[in-house]
Amino acid sequence: MQISEKSSSLHPKCKRVRRKILTVLLLLAALTATNSLLCFLVEPYRSSSEEMWRGYAAFGNMNTVYAGTSQALSGIIPEDVDKTLGSRSYNMGTNMQSLHDSKIAIQKACSDHKISRAVLVIDLEVLGTERSANFRADESFYHAKGKIEPSPQRAADAFSFVTSDAFFGKPASLTYFMPWIYNRSTDIRLNVREKLQRKVLNPDGHRTASGFEPSKEVVNQSVHFVGWEEADAWDHTATAFHPLSLTQDNRKELLEICRFCKDHQIDLVPVVLPSLNFLNIYRVEDYLAMKETLTQLFRAEGYDYYDFNCIDTSLLSVASTQYKDVGHLNSDGAAVFSKFLGKFLLARDRGTDLSGCFVR
């Protein structure tokens, strides 16, 4: 009789527990379904990062890669460099690519293709930016990489991201699984049509097969851009400048890139691409101090650092009409720079002393 009474008293508790479990499961199912729907509606059919990784997977053999931010993406046409060097190269640049992600790109290309050269495009803005502050770009990079990988590696990458020192315990470690939050299309109608038809319907803003992103845009020509000749005077009259710094984490990433390349016999070529406004926003003294810092950092690891904002304009001159905005080349500018880069690297390969090419 006692046992029967106990059994009877436990029965309602079991029902309540089952109801709670069912409620949680239904809530999780609803959240999963909502997340999937929002991803379908808002996450781009082919984001820039995803297009980079899918293009990389489809490209085949390569011996050279370009890593870095959108300055690399819009500034280097692989085919134009390859024509001079006889190389086969792919542009792995992505928007606001952190130095950590540049390292991942170079390591991936080395693992898959045993590359012999990596051109690392240094974006001065990124040098002073903590990776945690750049979470949207990092989430997009890692999530897109997972789309070309088998499930075990994709899971390993996700685990690596959410448990990293930069993101563990921060919102990015949760939103990583909700790509519609950090990777959004503003044209939902076009996005849905592209997903249903499984093809890009508007080619604007999309990459070529070698990873380059073309652009016909031209920067506003009414803006005044400061040159070296007037920079000292500008420094005394302008009221606001951007600070230049290199965080300890980014210094560590640069050193790890150098040492990885050294260990794997990869010719690392760190460069700064031309920009229009660098002397508008940075003091000459600060700019040249950072140039010296990076020169010494790379030199200590056995590599030369090339800042093409400091090159003799008789060797390389890019017109203002060859920029799409103040910091990025358009297709015409990229063609000028890429052809020059091919010749520059060829001379470098032949042992030519290139120090005289730079006036500062």
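Note that the structure is predicted; figures quoted are calculated from it, not measured. (Residues numbered from 1 in each chain as written. Predicted model: local features only at pLDDT ≥ 70, side-chain atom pairs only at ≥ 80, totals over all residues. Heavy atoms only, no water.)

Asks: An account of the overall build of the protein chain is needed here, citing residue identities and associated values.
Replies: Of the regular secondary structure elements, the protein chain holds 16 helices and seven strands. Its C-alpha atoms give the protein chain principal-axis dimensions of about 100 × 45 × 45 Å. Partitioning the contacts of the protein chain with sequence separation of at least 6, the portion at a separation of at least 24 is 81%. Surface exposure of the protein chain reaches about 18,500 Å², of which carbon and sulfur atoms provide 55%. (Helix = DSSP H or I, 4+ residues; strand = E, 2+ residues; numbered from the N terminus. Contact = heavy atoms within 4.5 Å. Areas by Shrake-Rupley, 256 points an atom, 1.4 Å probe, with all protein chains shown as cover.)

Asks: I'd like to hear about the state of the cysteines, residue by residue, with values.
Replies: Note: disulfide means a covalent bond formed between the sulfur atoms of two cysteine side chains. Enumeration over the complete set of coordinates arrives at zero disulfides. Not engaged in a disulfide, the cysteine Cys258 finds its nearest cysteine sulfur in Cys261; these two sulfurs lie 7.1 Å apart. (Disulfide = S-S within 2.5 Å.)

Asks: Give me helix 15 (residues 284-300): which residues, what numbers.
Replies: Under the 1.5 Å per step criterion, the end-to-end length of helix 15 is 24 Å for 17 residues, consistent within 8% with the ideal 24 Å. Those residues of helix 15 not exposed but buried are Val284, Tyr287, Met290, Lys291, Leu294, Thr295, Leu297 and Phe298. Taken down its axis, helix 15 places every buried residue within 165° of arc, on the same side. When the buried face of helix 15 is taken as reference, the exposed residues oriented beyond 90 degrees from it are Glu285 and Ala300. Looking at the buried side of helix 15, the elements it contacts are helix 6 (124-127), helix 12 (228-237), helix 13 (248-263), strand 4 (267-272), helix 14 (278-281) and strand 5 (306-307). Backbone geometry just downstream of helix 15 places Gly302 in the positive-phi region, at approximately 95°. (Expected span 1.5 Å × (residues − 1). Buried < 20%, exposed > 50% of the residue type's maximum accessible area, 1.4 Å probe, protein only. Arc of directions from axis to C-beta.)

Asks: Run through the packing of aromatic side chains, naming residues and quoting values.
Replies: Throughout the structure, instances matching the rule amount to 22 aromatic pairs. Centroid distance Tyr56 to Tyr90: 6.1 Å. Interplanar angle 65°. Geometry classified as edge-to-face. Here the residue Tyr56 occupies a position in helix 2 (residues 48-59), and Tyr90 occupies one in strand 2 (residues 89-91), the gap between them amounting to 34 residues. Like Tyr56, the residue Tyr90 is buried in the burial classification. When the ring of Phe161 is compared with that of Tyr176, the centres are 4.8 Å apart and the planes differ by 25°; the resulting orientation is stacked. Note that Phe161 is positioned in helix 8 (residues 151-162) and Tyr176 in the loop between helix 9 (172-175) and helix 10 (179-182), a separation of 15 residues in sequence. (Phe/Tyr/Trp six-rings, centres within 6.5 Å; stacked < 30°, edge-to-face > 60°.)

Asks: Could you give an account of unusual backbone geometry, naming the residues involved and the relevant values?
Replies: Peptide bonds are, in most cases, trans, and in most cases residues other than glycine have a negative phi. A positive phi angle, close to 50°, is found at Met96, a residue other than glycine. Here Met96 lies in the loop between strand 2 and helix 5 (99-113). Phi is positive for Gln265, which is not a glycine, with a value near 55°.

Asks: I'd like a description of the packing of helix 4 (residues 78-85) against helix 16 (residues 331-349), backed by residues and values.
Replies: Contact pair helix 4 / helix 16: the axes reach a minimum separation of 8 Å and the direction vectors enclose 35°. Read as a crossing pair, helix 4 and helix 16 show a hand that is right-handed. Contacts between helix 4 and helix 16 involve Asp80, Val81, Thr84 and Leu85 on the former and, on the latter, Ala335, Ser338, Lys339, Leu341, Gly342, Lys343, Leu345, Leu346 and Asp349. (Axes fitted to C-alpha atoms, helices over the stretch in contact; angles between N-to-C directions. Left-handed = near helix turned anticlockwise from the far one by under 90°.)

Asks: Describe the side chain of Ser185, with residues and values.
Replies: Its location among the elements puts Ser185 in the loop between helix 10 and helix 11 (188-197). For Ser185, a relative accessible area of 19% puts it in the buried group. Engagement of the side chain of Ser185 in a polar contact is seen with the backbone nitrogen of Asp187, the distance being 3.3 Å. In this structure, Ser185 is in contact with Val42, Pro44 and Asn191, ignoring residues within four places of it in sequence. (Polar contact = N/O pair within 3.5 Å; in protein donor to acceptor, adjacent residues only side chain to side chain.)

Asks: Account for a nonpolar patch on the surface, naming residues and giving values.
Replies: Judged by side-chain polarity, Val17, Ile21, Val24, Leu25, Leu27, Leu28 and Leu31 come together as a nonpolar surface patch covering roughly 660 Å² of accessible area. Within the secondary structure, Leu25 sits in helix 1 (residues 2-42). (Patch = residues over 30% accessible without salt bridge, like charges linked within 9 Å, V, L, I, M, F, W, Y side chains within 5 Å. Salt bridge = Lys/Arg side-chain N within 4 Å of Asp/Glu carboxyl O.)

Asks: Which residues make up the pattern of salt bridges, and what values do they have?
Replies: All told, the structure shown has 17 salt bridges when counted by the stated rule. The salt bridge partner of Arg54 is Glu50, with a shortest N-O separation of 2.7 Å. Linking Arg54 with Glu50, this pair stays in helix 2, spanning four residues, or about one helical turn. Glu50 gets classed as buried once you look at its relative accessible area, which sits at 4%. A salt bridge links Glu213 to Lys324, with the nearest nitrogen and oxygen atoms 3.7 Å apart. On the criterion of sequence distance, the pair formed by Glu213 in the loop between helix 11 and helix 12 and Lys324 in strand 6 (residues 323-325) is long-range, its members being 111 residues apart. Where salt bridges share partners, they join Glu43, Arg46, Glu50, Arg54 and Lys147 into one cluster.

Asks: Just give me the short version of helix 4, but keep the residues and values in it.
Replies: Where helix 4 is concerned, the buried positions are Pro78, Asp80, Val81, Asp82 and Leu85. On its buried side, helix 4 packs onto strand 1 (64-67), strand 2, strand 3 (117-121) and helix 16. At the exit of helix 4 stands Gly86, carrying a positive phi of roughly 75°.

Asks: Quick rundown of the nonpolar core? Include the residues and the values.
Replies: Core analysis: the biggest nonpolar cluster contains 88 residues, and Ile122, Leu254, Leu294, Phe298 and Phe308 have the highest contact counts within it. Once residues within four sequence positions are removed from consideration, Ile122 is found in contact with Gln71, Leu127, Leu254, Pro270, Val271, Val272, Leu294, Phe298 and Tyr305. (Core = buried A, V, L, I, M, F, W, Y, C linked by side-chain atoms within 4.5 Å.)

Asks: Before we move on, can you summarise the sheet that holds strand 5 with the specific residues and values?
Replies: The five strands are arranged 2-1-3-4-5 in an open sheet whose pairing can be described as parallel. On the outer flanks of this sheet lie strand 2 and strand 5, each paired with one strand and no other. In this structure, strand 1 lies alongside strand 3, joined through four bridges in parallel fashion. In the sheet register, Thr64 faces strand 3, and the bridge partner there is Arg117. (Pairing = 2+ DSSP bridges.)

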